[in-house]
Structures are given as structure tokens and as C-alpha cells.
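Report on the structure
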Amino acid sequence: MNWNNLVQVTIYLGILLLCVKPLGIYMAKIYEGKPAGINVWFASFEKWIYKISGVNPETGMVWKEYAVAMMLFNIIGIFVVYILQRVQAYLPLNPMRMPGVPFDLSFNTAISFATNTNWQAYGGETTLSYLTQMVGLTVQNFVSAATGMAILVALIRGFVQKQVETIGNFWVDLVRSTLYILIPLSLVLAVILVTQGVVQTFKPYSETSLLQISKDKDGKDIFGQTIPLGPAASQIAIKQLGTNGGGFFNVNSAHPFENPTALANFLEMLSILLIAAALCYTFGYMVKDRRQGWAFIAAMMIIFVPCLLGIIAYEQKGNPKILNLGVDQSAVVFQNGGNMEGKEARLGIVNSSIWAAATTAASNGSVNSMHDSYMPLSGLIPMWLIQIGEVVFGGVGSGLYGMIMFAIVAVFISGLMIGRTPEFLGKKIEAYEMKMASICILIPPMLVLFGTAIAVVLPQGLAGILNPGPHGFSEILYAFSSAGNNNGSAFAGLNVNTIFYNLTLGIAMFFARYWLAIPTLAIAGSLSKKKIIPVSQGTLPTHTPLFIVFLVMIVLIVGALTFFPALALGPIVEHLMM
Amino acid sequence: MFTKQIRPAFFIFLILTIITGVIYPLVVTGIAQGLFSRQANGSIIYKDGKPIGSRLIGQDFSDPKYFWGRISATTPPYNAASSGGSNFGPLNPELIDVVKARVKALKEADPENINLVPVDLVTSSASGLDPHISLAAAFYQIPRVARIRNMPPDEIKNAVMKCASRRLLGLIGEPVVNVLELNLELDEFK
């Protein structure tokens, strides 16, 4: 690790933390309906949306109604994206004449984008029409993120309200998240990205000649290059901000048209964690205990920063297997060195590593380097960040509500240890909340481990492996970790565009999202009904360093114990073989 | 409870689709095409009025008179219509073979060069379309290009520096050289 690596990490984390408070306050005002500029200007437009949709924005929903509205909206989304892909050949805005997408791939992609996973079994530039990308995928990029944020806000109301049956109105939370938070940020980011060279056009792919005539595998001459185009910048902005991660092009943010410069990379990387981190502050602001918001950010950073530094360290060391082949992997003035397989020269080790940590800590899943080609241990870290449940920043909304589930468990356990009634922010934590929180914590590991187990015993599962040895097992484990926690990144060597993987991973993504969202809403409903117990001497404070460390330990113990055996068979064995 | 939500679900889905899926991309496209049309259309480089490539998409160079770029794992190499990396794990024997083959090719093109080969010249990029190499990788190739083109190495080095970009604010990103721009620059000398 050299000094520039540390400088770049420090700048990244510093700017991220500077953005947390202003954006956090802004979002809290939006959700509380207080004036914050843009929501005043568009107030009558917002009212018009509710009027023609038959929504009364003043009427709250009980949690079951909220869940029904959320599921209905998401199922419509899945259905529409599925149909769009199947019939894209007959629709306009398809200059490259892409044919309809097969049923299994359409099923997988539709669920993938509605659940904010954005797992890609397809290659954008070879599969989808501009219309599908825009009206299908870009829309889901927005609304899946907004759905996560709405669920979080409902849960926050559970802590704020006293003895109330309702938890807010799903439609209002959804529309406000989209209109006032996601669209303005995306618009600004998209335009900046265009200035850096990210493409944004409806023209067909462009044909150019080559400077040197090249040859293909059969020795035939190639005279030209097909430059892929499309409305990419508008989709890339929201895919980063909304922790979606589904790229416009096959290699996602490693593609020079998605991520052309250092500035573009920095802003895209910042966007991965921006909203998720700021929502912690929003939480603190809304529950009127800002220290609690910072406590969550601290807990997340305690896990995030060592993981980030670990990835950089192992990648910067390089690959010992090619050391004796006359190759220079050292970091000197004119090169950054390290393990450059599957990385872009302009991004180098440090920006690839920060991205790998951020995209797996948050459930973003976009990549700017190929995780499959990472060294065994630096490939282990991103995989493990996914496996601990996407609660270190996590998805927008879903990350924090996941972390709150862990906090509920932590409060309960510490309550048992010291013999006090477990309560969190004045709300008593009882058997019902514990049941729901346990469901949220146990479902993703179950999906990951069962899914992996099935795939490694079936020939259809083994058929997709690219790399020999334990690395092949890692590819499968990573795929189910990613789907079972709605991340979306991959060890991309695994060929997942098969009926087996499209269906199994599709099902995993569906349950990973909604089987967590619904119990979370149930907790929101049950907390809302409770009284707020005033702080007394018997109250366990939940913003202290002691509690932060305790919370981190709960997350680590659950994550480590559940996945250590599986990780030992994959990356750990591979490291020992090196 | 269920039937009450059907109408809002459909209408809000439709409205949000129009806003985020039609209006938003059109607004971005309008701004992009109006103000930054060169970048928005792929940063195409023209030579004598004809498009010769994009400054952001690498091209395949194997002729010793040109600077070579990263290895591309697409088929054929630098196939911009289908981006992709090798996805080789670090211990995969195929990775070792590819590295060996590239080192051999570089040595054959320039037998007198006894320096270690910079790692980015022997590894595949993530996209398969990487337009850049490190400065070290460019410097490594200067003697070869100078010899074949019969030009003083200093002149080649000036061309390299002309096509190099530094870190943002001297801190962020990595310093790199754009291979296509550099080779176009060299062809100007003739």
C-alpha cells in the first residue's frame, strides 16, 4: 500500500461523510412534508398525481395495507419489464433490431430489476433495445430504490409515532422519494457524466475504421469497429445513486463509455454510498436522536474501512504466480502495479478496490473491475460483505432497515445479558419484533447456502463454471450470495444465462427482497402501536461506543459463523494453494 | 384492502414510468446533445473527415511500429460490440499461459529490451476495450517504436507525454497514456 492509495481512500471517505448531513436533513424534510425548495415548486404537480390516481395523501395505511400496495406495485413492475423484453422486437426504439429475450432470461431480469438487485445474466449491448433499457429498466432503477426508501420511512415512523395504527401512505412515500430525491440527483449526475464522455443518444451503433487492420481467430482481416451507443448516462446515474448497479453495457462501470475518467469514477463511486449513508442521518433526524444516526454510520464504518483496506492491500501485492515471468508488478512513479488482470488502467488498483468494497457493502453490485480475477482473499472480502446481509450501508432504504433488524436483535440480547427490559428508542422490543427480526436475518443465509448446495450437486449448476478448482466453487457461492442478498455483482466467469441459473437465482432474488420487506413492515406496524417509554436510569443507551461495538459484533458473529465453512471451501483453500 | 389499491398501483406506475422512463432520459439527451454532442455521441476521432475510432474505445495493435495496448479478452480482440474481461481466477493456468505468450511476443518484437514488462501490458483489461496503458508501459515500448520508425527516442517520448493524462488534481485516478491517440500522433510524423 503506497501513500497515494491512502490519500485517495481518505478523500473518498471524507467527501462521503461531508455529504451525509446536508442530504440527510433534506431527505428528512421531504418525508416529513416540510418545505425544502423543490417540493414546494412541484407541490401542485404532486397533488395532481394523487388526484388522478385516486390516492388520498392524508390517509395513512395499516402495515398490511402498506405491504399490499408495495407488493402490487412491484408485481406490476415485474410483469411489465418481462413483457417489454419478450416483445421488444415489435416495438420502436430498437435501431439494432434486437430480437425478443428468451423467457428464462426475461423472468430473471424482470425480478432482478424490480428487487433492486440488478443481477445481469445478459449483456446490455447485445440483448436489449433502447426502449427496454429506458422504459423498462431505467424506470425500475428509480422505483425499486424508492420502494426501499419508502419501507425504511415506514419503519422510522414506527419509532416516532405513539399508539397509532397506521405507518404512513406507501404512494406518498414512493412518489416523494422518486420525484424529490432520486430524480434531481440523477439529473445532475447524468449531465456531469456526459461531459466526461458517457454516451447519451438514440442513434444506432456507429461504425468506424481501424488504424491498424486487425485479425480475428481464423486469421481473417478486420477493418472496422462497431461503437455501441445508447441513452446510457441517464441510466448510469440512477443505477449508481439507487444502489441498483445494472449496467447499460455488459462490463458495467468498467466500460469506458460508462466510466471514462477519474472524475466520472469518483462521482459514480461516491453515489454508491451517498444516499444509503445519508439515510442514517435522516433516521437520526426523524427520531429526534441524531446521535443514533451517527451511531449507525460508525458501526458501518467499523466494518467497511478494514474491508476496504484489506482489498487494496491484497490487490496491490500482485499475483505471485506471474512474478517469475519477467513481469513488474511493483507500484512506482509511472505505474500503479498490482494485480491488473481484469482492471482498467485509468482506474488502477485503488479505485478498483474502493469500488469493489463500496459496491458489495452497499447492495449496488455495479463493478468497475472483474471480481472473478481478484486474488483469493481480496475476492473473499467483497463476497463476505454481501453475505453479512447488505447492512453496511446496504441498499438505499433496505440497508438501514436491515441494520435496524440487527440493532433490535442486539438490544434484545443485551437486555437479556443485563436483565433489563429490551427497548430501542423508547419502544419495547418483545417476542413479535424478535420473531420478525429473526426472519429478516435468517432468510438470506438460507437462500445463499441452500442455493449453492443445490447448484454444486446438479450438473446444470456445475456446467456454468469457468475457472478450475476451488475458484469454481467460489463463483457459484458468489452468485447465490449476490442474488440472496439483492446485490447483483458477480464472479462473472460463471455462465449464468442458462435456464437453471436464471430460474434459481430469480427465485432467490424475489424472496430475498420481499420476505425481508414484509416482516420489516410488520415491525413498523407493531412498533407504531406501542407507547414511548421515557428515558430512565434503567434505559440502555443505544448510541454509545459500547453499543456500537456490540452491534458490530452481532453482525460479524452471525455473518462469520454462517459462512465460514463455505468460504473455507472456496477462497480460503485457494489462498492456501497459492 | 386489496381492491382499493389496484387503481393507485396502475396509475402511479404509469405516471412514474412516463416521468422516469421517458421525460427524464429525454431531458438528459436534450442537454447532452445540445451542449456536449461530441461526448454524448461516443467521442469519435476523425482523420481526413473519416471516423477512425473513439478516443475512449481501445483498438487492437500488434504491429511493432505502434504502441500496444492492454490484452483484450473479447472475441475478436477489442470487439466494442461485446465488451468483456477474461474472468480468469488468479491461479487459472490459462491466465499464466496468456501472460507468458504476451511477454514472449514483446521480447520477440524487441529482443534487446531486458527490462521487466509492466504488468498492465501482460494482463487483460476488465472491459476488453481499455483505451489506456500506464506511463511505464508506454516507456517500455519507446525503444522498439523508435528503432522501427527510425526516429530519436526523445521525439517519441514527447509524443507519449502529449497523449498522457495526469491524476485529477494530482491525486485521484491513475496517470495513463491513450494508445490510439498516441499512435495517430506517431503516424503524423511519417
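Here is what the cut-offs are and how they apply
Residues numbered from 1 in each chain as written. Chains lettered and ligands numbered in written order. Predicted model: local features only at pLDDT ≥ 70, side-chain atom pairs only at ≥ 80, totals over all residues. Heavy atoms only, no water. Helix = DSSP H or I, 4+ residues; strand = E, 2+ residues; numbered from the N terminus. Contact = heavy atoms within 4.5 Å. Areas by Shrake-Rupley, 256 points an atom, 1.4 Å probe, with all protein chains shown as cover. Lys, Arg positive; Asp, Glu negative; His and termini not counted. Charge placed at Lys NZ, Arg CZ, Asp CG, Glu CD. Buried < 20%, exposed > 50% of the residue type's maximum accessible area, 1.4 Å probe, protein only. Pairing = 2+ DSSP bridges. Axes fitted to C-alpha atoms, helices over the stretch in contact; angles between N-to-C directions. Patch = residues over 30% accessible without salt bridge, like charges linked within 9 Å, V, L, I, M, F, W, Y side chains within 5 Å. Salt bridge = Lys/Arg side-chain N within 4 Å of Asp/Glu carboxyl O. Buried area = accessible area lost by both parts, 1.4 Å probe. Phe/Tyr/Trp six-rings, centres within 6.5 Å; stacked < 30°, edge-to-face > 60°. Lys NZ or Arg CZ within 6 Å of the ring centre and 35° of its normal. Parallel < 35°, antiparallel > 145°, perpendicular 65-115°, else oblique. Nonpolar A, V, L, I, M, F, W, Y, C, P; charged D, E, K, R; others polar. Arc of directions from axis to C-beta. Core = buried A, V, L, I, M, F, W, Y, C linked by side-chain atoms within 4.5 Å. Domains from an automatic or database assignment. Left-handed = near helix turned anticlockwise from the far one by under 90°.

Notes on the overall build of chain B
In terms of helices and strands, chain B carries 6 helices and 6 strands. Along chain B, helices and strands appear, N-terminal first, in the series α-α-β-β-α-β-β-α-α-β-β-α. Dimensions of chain B, computed from the C-alpha atoms along their principal axes, are close to 80 × 45 × 35 Å. Sequence-distant contacts, at least 24 apart, represent 59% of the contacts inside chain B between residues at least 6 apart. As presented, chain B carries roughly 8,000 Å² of accessible surface, and 60% of it is formed by carbon and sulfur atoms. Distance between charge centres in chain B, computed from 20 positive and 17 negative side chains, equals 8 Å.

Examining the overall build of chain A
Summing up its helical and strand segments, chain A has 19 helices and 5 strands in all. Taken along the three principal axes of its C-alpha coordinates, chain A extends 80 × 55 × 50 Å. Burial statistics for chain A: of 578 residues in total, 66% are counted as buried. Taking all contacts inside chain A whose residues are at least 6 apart in sequence as the whole, residues at least 24 apart take part in 78%.

Structural notes on the sheet that holds strand 6 (residues 176–178) of chain B
Residues and elements named next belong to chain B. An order of 4-6-5 is seen for the 3 strands of this open sheet, with the pairing classed as antiparallel. The strands lining the two open edges of the sheet, one partner per strand, are strand 4 (132–134) and strand 5 (164–165). Both strand 5 and strand 6 contribute to a ladder of 2 bridges, which runs antiparallel. Looking across to strand 6, one finds that Ala-164 is bridged to Val-177. Helix 4 (residues 135–149) contacts strand 4, strand 5 and strand 6 of the sheet and is inclined by roughly 85° relative to strand 4.

A short note on the pairing of strand 1 (residues 44–47) of chain B
Residues and elements named next belong to chain B. Direction of pairing for strand 1 relative to strand 2 (residues 50–54): antiparallel, over a ladder of 4 bridges. When the sheet's bridge partners are listed, Ile-44 is paired in strand 2 with Ser-54. Where strand 1 hands over to strand 2, the hairpin turn is made up of 2 residues, of which Asp-48 adopts a positive phi near 50°.

What to know about the side chain of A:Gln292
Residues and elements named next belong to chain A. Note on placement: Gln-292 falls in helix 11 (residues 290–317). A relative accessible area of 1% means that Gln-292 is categorised as buried. Not counting chain neighbours up to four residues away, the residues in contact with Gln-292 comprise Phe-283, Phe-424, Leu-425, Thr-542 and His-543.

Details of a nonpolar patch on the surface
Taken together, the side chains of B:Leu14, B:Ile18, B:Val22, B:Ile23, B:Leu26 and B:Val27 define a hydrophobic patch exposed on the protein surface, amounting to about 470 Å² of accessible area. Position of B:Leu14 relative to the elements: it lies in helix 1 (residues 6–35).

A word on the environment of B:Gly42
Here B:Gly42 lies in the loop between helix 2 (37–40) and strand 1. With residues near it in sequence (within four places) discarded, B:Gly42 still touches A:Val199, A:Leu229, A:Phe257 and B:Ser54.

Observations regarding the interface of chain A and chain B
The interface of chain A with chain B comprises 123 residues on the first partner and 105 residues on the second. When chain A packs against chain B, the two sides together hide about 9,000 Å² of surface, and 69% of this comes from carbon and sulfur. Contact with chain B buries surface across chain A, with A:Leu211, A:Gln212 and A:Glu341 losing the most and accounting together for 9% of the total. A salt bridge links A:Glu65 to B:Lys4, with the shortest nitrogen-to-oxygen separation between them at 3.2 Å.

Considering the packing of aromatic side chains
This model, assessed by the stated rule, comprises 25 aromatic pairs over all chains. Residues A:Tyr66 and A:Phe170 carry aromatic rings whose centres are separated by 5.5 Å and whose planes lie at 75° to one another, so their mutual orientation is edge-to-face. Of this pair, A:Tyr66 sits in helix 4 (residues 63–86) while A:Phe170 sits in helix 8 (residues 170–196), and the two are 104 residues apart along the sequence. Across the pair, A:Phe170 and A:Tyr66 agree in class, each one buried. The interplanar angle of 50° and the centroid separation of 6.5 Å between the aromatic rings of A:Phe249 and A:Phe257 together place this pair among those described as tilted. Taken as a pair, A:Phe249 and A:Phe257 share a single burial class, namely buried. Through a chain of ring-to-ring contacts, three or more aromatic side chains come together here, namely A:Tyr66, A:Phe73, A:Phe170, A:Trp171 and B:Phe13. Between the NZ or CZ atom of B:Lys157 and the centre of the ring of B:Phe139, over which it lies, the distance is 5.2 Å.

A word on the packing of helix 3 (residues 93–109) of chain B against helix 4 of chain B
Residue and element names in this part refer to chain B. Two elements in contact, helix 3 and helix 4, have axes separated by 10 Å at closest approach and are oriented at 40°. Put simply, helix 3 runs oblique to helix 4. Of the residues in helix 4, those touching helix 3 at Leu-106, Lys-107 and Ala-109 are Tyr-140, Arg-144 and Arg-147. Split by residue class, the contact of helix 3 with helix 4 holds 3 nonpolar, no polar and 3 charged.

Looking at helix 5 (residues 153–162) of chain B
Residues and elements named next belong to chain B. Among all positions in helix 5, only Ile-156, Ala-159 and Val-160 are buried. When helix 5 is viewed along its axis, its buried side chains cluster within an angular range of 105° and face the same direction. When the buried face of helix 5 is taken as reference, the exposed residues oriented beyond 90 degrees from it are Asp-154, Asn-158 and Lys-162. In this fold, the buried residues of helix 5 make contact with helix 4, strand 5, strand 6 and helix 6 (179–189).

With respect to the nonpolar core
Core analysis: the largest hydrophobic core is formed by 207 residues, its most contacted members being A:Phe170, A:Trp171, A:Ile275, A:Phe296, A:Phe304, A:Met403 and A:Ile404. Among the elements that make up this core, the one with the highest residue count is helix 10 (residues 262–286) of chain A (19 residues). Among the domains, domain 1 (3–38) and domain 2 (44–189) of chain B are the pair contributing at least three residues each to this core. Sequence-distant contacts of A:Phe296, defined by excluding residues within four places in its chain, comprise A:Cys280, A:Phe283, A:Leu400, A:Met403, A:Ile404, A:Ala407, A:Phe424 and A:Leu551. Formed by 42 residues, the second largest nonpolar core is a distinct cluster that contains B:Val117, B:Ala137, B:Ala138 and B:Val160.

A look at the packing of helix 15 (residues 431–457) of chain A against helix 17 (residues 470–484) of chain A
All names here are of chain A. The contact between helix 15 and helix 17 brings their axes to 8 Å, and the two run at 145°. Crossing geometry of helix 15 relative to helix 17 is assigned as right-handed. Here Pro-444, Leu-447, Val-448, Gly-451, Thr-452, Ala-455 and Val-456 of helix 15 lie close against helix 17, whose contacting residues are Phe-473, Ile-476, Leu-477, Phe-480, Ser-481 and Gly-484.

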